[in-house]
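Here are the chains, one letter per residue:
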Amino acid sequence: MSDALTLPAERRERAGKGAARALRREGRIPAVIYGGKEEPTPIHLEEKELVKQLMTGHFMNSIVQVEVDGKPVRTIPKDVALDPVNDRPIHADFFRLSKDAKIEVEVPVVFLNEEGSPGLKKGGVLNVVRHELELVCQSDKIPDQIEIDLTGKEVGDSIHISEVDLPDGSESAITDRDFTIATLVAPSALKKEEEEGDEEEIPADGVAATEQGPDDDAAQEQEDKAPDGE
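Residues numbered from 1 in each chain as written. Predicted model: local features only at pLDDT ≥ 70, side-chain atom pairs only at ≥ 80, totals over all residues. Heavy atoms only, no water.

Q: Can you walk me through empty space enclosed by the protein in this structure?
A: To find leftover empty space, one rolls a probe the size of a water molecule over the atoms. Enumeration according to the criterion identifies one cavity of 30 Å³ or more in this entry. Volume-wise, the largest cavity comes out at about 30 Å³. Every residue lining the largest cavity is listed: Leu126, Leu150, Lys153, Asp157, Ile159, Thr183 and Leu184. Classifying every residue of the lining of the largest cavity gives four nonpolar, one polar and two charged. (1 Å grid on protein atoms, 1.4 Å probe; cavity = no way out; pocket = protein on both sides within 12 Å on 5 of 7 lines; lining within 4 Å. Points joined across faces, edges and corners; volume = space filled by probe spheres on them. Nonpolar A, V, L, I, M, F, W, Y, C, P; charged D, E, K, R; others polar.)

Structure below.
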């Protein structure tokens, strides 16, 4: 698990869009801490510090000690809203963690020992179905990543969640099926799937000629109306 991060914050005294815009002009980001059977706590953070921690790449799966007016609150980030134009953060949500709490997180998957896979050596392709796993973890045991060993994998093999050794304190959030994480396919099989997908898309001018031809009944009606000898 990543080391716990620390994020200084101050309590927000005013709510509303006007107050939020004023904070952003000052380089501060409005946020809220909720959960843990306590009332939500409105706060604001320094934008530069929040962006710096977002850039670590593991902020959303890390325990964050939010220091509200000097008092640490143990949380995990749940959402950081970004401006659709400039991608700057405009609001953040933090979930307050109680002792021994379990939370649902998305943890990235990393594949190891590709050189040990006979299927990949033969030219097979690793088709990754899920790049992240939805896990329920103890709040103090959130893994940085889930490692999957490809040693011995052949073309045609599939990797399911039941084959993965999850760390202590973690379990799959999806329990109703043994879902696929990745498959090892031959390049020809992958190409065939793509070609079949293209064939299903019928172009606008691809209608059969018989469907585009003249109406036979209408032509016969015109012929019957014509004067004799014409």
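Q: Honestly, the side chain of Arg96 in this entry has me stumped. Any pointers?
A: Along the chain, Arg96 turns up in strand 6 (residues 89-96). When its relative accessible area of 8% is taken as the criterion, Arg96 is described as buried. Engagement of the side chain of Arg96 in a polar contact is seen with the side chain of Thr41, the distance being 3.0 Å. (Helix = DSSP H or I, 4+ residues; strand = E, 2+ residues; numbered from the N terminus. Buried < 20%, exposed > 50% of the residue type's maximum accessible area, 1.4 Å probe, protein only. Polar contact = N/O pair within 3.5 Å; in protein donor to acceptor, adjacent residues only side chain to side chain.)

Q: Any chance you could explain the pairing of strand 6 here in plain terms?
A: The side chains of a regular strand alternate between the sheet's two faces. With four bridges joining them, strand 2 (residues 28-35) and strand 6 adopt parallel strand pairing. The residue of strand 6 that forms the bridge with Ala31 is Ala92. For strand 5 (residues 71-82) and strand 6, the ladder comprises seven bridges, and the chain directions are antiparallel. Opposite Pro77, over in strand 6, you have Phe94 as the bridge partner. The turn joining strand 5 and strand 6, which pair antiparallel and follow one another in sequence, is formed by six residues; a positive phi near 65° is taken by Asp87. (Pairing = 2+ DSSP bridges.)

Q: What exactly am I supposed to notice about helix 2 (residues 47-54) here?
A: For the α-helix, the turn length of 3.6 residues means that residues three or four positions removed from each other point alike. Restricting attention to buried positions, one finds in helix 2 the residues Glu47, Leu50 and Gln53. Across the axial projection of helix 2, the buried residues extend over an arc of 135°, all falling on one side. Structural note: helix 2 exposes Lys48 and Lys52 on the side pointing more than 90 degrees away from its buried face. If you follow the buried residues of helix 2, they end up packed against strand 1 (5-11), strand 2, strand 3 (38-46) and strand 6. (Arc of directions from axis to C-beta. Contact = heavy atoms within 4.5 Å.)

Q: In this structure, what is going on with the side chain of Thr75? I would like to understand it.
A: Among the structural elements, Thr75 can be located in strand 5. By relative accessible area, Thr75 is classed as buried at 0%. Each residue touching Thr75, except ones within four places of it in the same chain, is listed here: Ile33, Ser62, Ile63, Val64, Val66, Phe94, Phe95, Arg96 and Leu97.

Q: Would you take a moment to explain unusual backbone geometry for this structure?
A: Phi is mostly negative for residues that are not glycine, and the peptide bonds are mostly trans. A positive phi angle is found at Asp69, which is not glycine, with a value near 50°. Mapping Asp69 onto the fold places it in the loop between strand 4 (64-68) and strand 5. According to the relative accessible area criterion, Asp69 is exposed, its value standing at 54%. In this model, Asp87 sits at a positive phi of 65°, which is unusual for a non-glycine residue.

Q: Just to check I follow, could you spell out the sheet that holds strand 4 for this structure?
A: Hydrogen bonds along the backbone pair up the strands of a sheet, which may run parallel or antiparallel. Pairing is mixed around the closed barrel formed by six strands, whose spatial order is 1-3-2-6-5-4. Adjacent strand axes in the sheet meet at a mean angle of 45°, parallel and antiparallel pairs treated alike. Across the sheet, helix 1 (residues 17-25) touches strand 2, strand 3 and strand 6, and the angle it forms with strand 2 is around 125°. This element, helix 2, spans strand 1, strand 2, strand 3, strand 5 and strand 6 of the sheet and lies at about 155° to strand 1. (Axes fitted to C-alpha atoms, helices over the stretch in contact; angles between N-to-C directions.)

Q: Teacher, can you tell me more about the layout of surface pockets here?
A: Here the largest pocket is characterised by a volume of approximately 200 Å³. Taken together, Arg11, Ile33, Glu38, Glu39, Thr41, Val68, Lys71, Pro72, Val73 and Arg96 make up the lining of the largest pocket. Elements represented by at least two residues in the lining of the largest pocket include exactly strand 3 and strand 5. Broken down by class, the residue content of the lining of the largest pocket amounts to four nonpolar, one polar and five charged.

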